[in-house]
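Examining the three-dimensional arrangement
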Number of protein chains: 2
Amino acid sequence: MRRNTWQREAVREALGGTEGFVSAQTLHAGLREAGSEVGLATVYRALADLADAGEADSLQSDGENLYRACTPGSHHHHLICRHCGATVEITADAVETWARDVAAEHGFTAPQHVVDVFGYCAACSRELA
Amino acid sequence: MRRNTWQREAVREALGGTEGFVSAQTLHAGLREAGSEVGLATVYRALADLADAGEADSLQSDGENLYRACTPGSHHHHLICRHCGATVEITADAVETWARDVAAEHGFTAPQHVVDVFGYCAACSRELA
DNA sequence: CTGAGATTGACAATCGTTCTCAATAACGCC
DNA sequence: GGCGTTATTGAGAACGATTGTCAATCTCAG
Ligand SMILES: [Zn+2]
Ligand SMILES: [Zn+2]
Ligand SMILES: [Zn+2]
Ligand SMILES: [Zn+2]
């Protein structure tokens, strides 16, 4: 049975109020700084749950898991700035069908896919020029 | 100056003789079992070098880096069996141009992308049925 | 209100990976 | 072939992210 605790809610809100992807550690640090006394393990558990429930997107970069609040239920991918972390949600049916087709074509079943685009956003491109 | 050592060559060969993606640890274990006395750190370094040099593909799954020998210089993606690790190299210009376009469309520069398709290969699908 | 049991959090433990640094070995040069 | 410079190695320590442990706490159906 799933119970509602203020800790889980705090994590959900903190994630919602964050632009771009965050690590569990960063989010935890932010919560502590804001006066919340959540435990680190709890933040890890809450984020994993949110990702499971489809309320958050996750991706792994450089050996750590990053999370981001996301509109539940909609399948989409991300365009992420390597410098500031700004993120754009993108949908591309073409890619979806391509992934499904290429899997089927080789006899693969239960296909899933990882599709992420990284780069420098307009602002960071200018700044780094 | 880059020097050639039997250790690096051993790693290259071991990687070449492996089907699908392997972790540094697994490859190291295999080498040791085959009588080779390479150090773990060396395997990590060799794999990172190979990936840098474009002689190996890498992807991160479940918190660890996996490597696979690959035809140098050619950009491509993979279709990977979640059960046995069998891998098919796939190329899709449509995806390449899509990635470039979607980045440009949002003002992102220096675009890179991660595209991997996972599933159960024909054999494993049958076995797990 | 109450009790079963889900959840928490401090801490230890684990796991993949990188760092350190003395010993070794590769290779351009004579 | 020898020499010296210096990249490379490897054993172990150190590291950072994540997960496990388990008693104390909190949630909520009844
Ligand atoms: Zn940016
Ligand atoms: Zn998709
Ligand atoms: Zn398979
Ligand atoms: Zn590509």
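Since the model is a prediction, treat every value here as computed from it, not as a measurement. (Residues numbered from 1 in each chain as written. Chains lettered and ligands numbered in written order. Predicted model: local features only at pLDDT ≥ 70, side-chain atom pairs only at ≥ 80, totals over all residues. Heavy atoms only, no water.)

1. Focus: the coordination of the zinc ion (ligand 2)
Residue and element names in this part refer to chain A.
- The coordination sphere of the zinc ion (ligand 2) contains the protein donors His 75 (NE2), His 77 (NE2), Glu 96 (OE), Glu 96 (OE) and His 113 (NE2), at a distance range of 1.9 to 2.4 Å.
- Spacing between the donor residues of the zinc ion (ligand 2) along the chain follows H-x1-H-x18-E-x16-H. Of this pair, His 75 sits in the loop between strand S3 (64–69) and strand S4 (77–81) while Glu 96 sits in helix H4 (residues 93–105), placing them 21 residues apart in sequence.
- His 75 gets classed as partly exposed once you look at its relative accessible area, which sits at 46%. (Donors = N, O, S within 2.8 Å, 3.2 Å for Na, K, Ca; no water. Helix = DSSP H or I, 4+ residues; strand = E, 2+ residues; numbered from the N terminus. Buried < 20%, exposed > 50% of the residue type's maximum accessible area, 1.4 Å probe, protein only.)

2. Re the pattern of salt bridges
- With the rule as written, the count across this model stands at eight salt bridges over all chains.
- Across the salt bridge formed by A:Arg8 and A:Asp49, the nearest N and O atoms sit 2.8 Å from each other. Of this pair, A:Arg8 sits in helix H1 (residues 6–16) while A:Asp49 sits in helix H3 (residues 40–52), and the two are 41 residues apart along the sequence.
- Taking the relative accessible area as the measure of exposure, A:Asp49 reaches 25% and is therefore partly exposed.
- In this structure, the salt-bridge partner of B:Glu55 is B:Arg12, at a minimum N-O distance of 2.4 Å. (Salt bridge = Lys/Arg side-chain N within 4 Å of Asp/Glu carboxyl O.)

3. Quick look at the domain arrangement of chain A
Residues and elements named next belong to chain A.
- Segmenting chain A into domains produces domain 1 (6–69) and domain 2 (77–128).
- For domain 1 and domain 2, the distance between their C-alpha centres works out to 22 Å.
- Facing the six residues of domain 1 at the interface are six residues of domain 2.
- A combined buried area of about 510 Å² lies between domain 1 and domain 2, and 56% of that area is made up of carbon and sulfur atoms.
- At the junction of domain 1 with domain 2, the criterion picks out one salt bridge. (Domains from an automatic or database assignment. Contact = heavy atoms within 4.5 Å. Buried area = accessible area lost by both parts, 1.4 Å probe.)

4. Examining the relation of the copies chain B and chain A
- Rotating chain B by 180° and moving it 0.0 Å along the rotation axis overlays it on chain A with an RMSD of 0.1 Å. The two molecules are tied by a two-fold rotation axis, judged by turn and shift. Residues of chain B ranked by C-alpha distance from the rotation axis are headed by B:Val115, positioned 2.3 Å from it.
- Comparing interface residues between copies, 100% of those in chain B also sit at the interface in chain A, which points to an isologous, same-surface contact. (Least-squares fit on C-alpha atoms with pLDDT ≥ 70 in both.)

5. Some details on the protein's contact with DNA strand D
- A:Arg3, A:Tyr44, A:Asn65, B:Thr42 and B:Arg45 are the nearest of the 20 residues found near DNA strand D.
- Near-protein atoms of DNA strand D (within 4 Å) split between backbone and bases, with sugar and phosphate holding 68%.
- The backbone of A:Asn4 places a nitrogen or oxygen atom 3.1 Å from a phosphate oxygen of DNA strand D.
- Here a phosphate oxygen of DNA strand D and a side-chain polar atom of B:Thr5 are 2.7 Å apart.
- Secondary structure elements with two or more residues in the surface near DNA strand D: H3 and S3 of chain A together with helix H1 (6–16) and helix H3 (40–52) of chain B.
- Counting residues per element, the surface near DNA strand D draws most heavily on H3(A), at three residues.
- Among the residues making up the surface near DNA strand D, the classes are represented as four nonpolar, eight polar and eight charged. (Near = heavy atom within 4 Å. Polar contact = N/O pair within 3.5 Å; in protein donor to acceptor, adjacent residues only side chain to side chain. Nonpolar A, V, L, I, M, F, W, Y, C, P; charged D, E, K, R; others polar.)

6. As for empty space enclosed by the protein
All names here are of chain A.
- In the structure shown here, the tally under the stated rule is two cavities of 30 Å³ or more.
- Quantified by volume, the largest cavity comes out at close to 60 Å³.
- In terms of lining, the largest cavity is formed by Arg 2, Arg 8, Arg 12, Ala 46, Asp 49, Leu 50 and Glu 55.
- Contributions of two or more residues to the lining of the largest cavity are made by H1 and H3.
- The element contributing the most residues to the lining of the largest cavity is H3, with three residues.
- Residues of the lining of the largest cavity, tallied by class, amount to two nonpolar, no polar and five charged. (1 Å grid on protein atoms, 1.4 Å probe; cavity = no way out; pocket = protein on both sides within 12 Å on 5 of 7 lines; lining within 4 Å. Points joined across faces, edges and corners; volume = space filled by probe spheres on them.)

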